[in-house]
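Letter by letter, the chains look like this.
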Amino acid sequence: MPSKPKAPPSSPDDIEAQFYEALQQGDVDKLMAVWSDDEDIACVHPGGPRMLGAGAIRAAFEAIFASGAIDVRPDKVRRLQAHSSAIHHVLERVQVRSDEGVQTAFAIVTNAYVLTAQGWRMVLHHASPGMARELQEISEAPSTLH
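Residues numbered from 1 in each chain as written. Predicted model: local features only at pLDDT ≥ 70, side-chain atom pairs only at ≥ 80, totals over all residues. Heavy atoms only, no water.

Caption draft 1: Structural detail: the nonpolar core. Ranked by size, the top nonpolar core spans 30 residues in total, and within it Phe19, Leu23, Leu31, Trp35, Ile57 and Phe61 carry the most contacts. If you list the elements that add at least two residues to this core, you get helix H1 (12-25), helix H2 (28-32), helix H3 (54-65), strand S4 (85-98), strand S5 (101-116) and strand S6 (119-130). Take this core: its biggest share by element is five residues, from H1. With near-sequence residues (within four places) excluded, Phe19 lies in contact with Leu31, Val34, Trp35, Phe61, Met122 and His125. (Core = buried A, V, L, I, M, F, W, Y, C linked by side-chain atoms within 4.5 Å. Buried < 20%, exposed > 50% of the residue type's maximum accessible area, 1.4 Å probe, protein only. Helix = DSSP H or I, 4+ residues; strand = E, 2+ residues; numbered from the N terminus. Contact = heavy atoms within 4.5 Å.)

Shown next, in the form of structure tokens:
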């Protein structure tokens, strides 16, 4: 029995899931399919420069995938959405192989999405280095007016 074709991504969550699947599979074509066609799309890897445009972003991920797929999982996703744009604040857990074995690294990430004629697409992936302490979130306590 043939498998049912996968529906096109219909939400920012769908696009984000496809992005992380592409990272985990080391699939640059699948990864680039989540991006908008806009020339001002941008990507910043932890400690790296700002890459602008599909060509620069593709080249950066091709270089990363030359060493293999990335075992990265989104965690603690916070979502803000208004009409045709969405921003996701994400804690990424990255499994890194080293001489000491598998280590867990963290990145603090902002993913931005816009609704285009082709559906939801990523316009920004900005990752900063994080630490295990990032598992603890600091938030402002709600204030009550009397």
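Caption draft 2: How the structure looks around the environment of Ala42. Tracing the backbone shows Ala42 in strand S1 (residues 42-44). When the C-alpha positions of Ala42 and Ala56 are compared, they lie 8.9 Å apart, and in sequence the two are 14 residues distant. With sequence-adjacent residues up to four places away left out, Ala42 is seen in contact with Trp35, Arg50, Met51, Leu52, Ile57, Val123, Leu124 and His125.

Caption draft 3: Structural detail: the environment of Trp35. Within the element layout of this structure, Trp35 appears in the loop between H2 and S1. The sequence separation of Trp35 and Tyr113 amounts to 78 residues, and the corresponding C-alpha distance is 8.7 Å.

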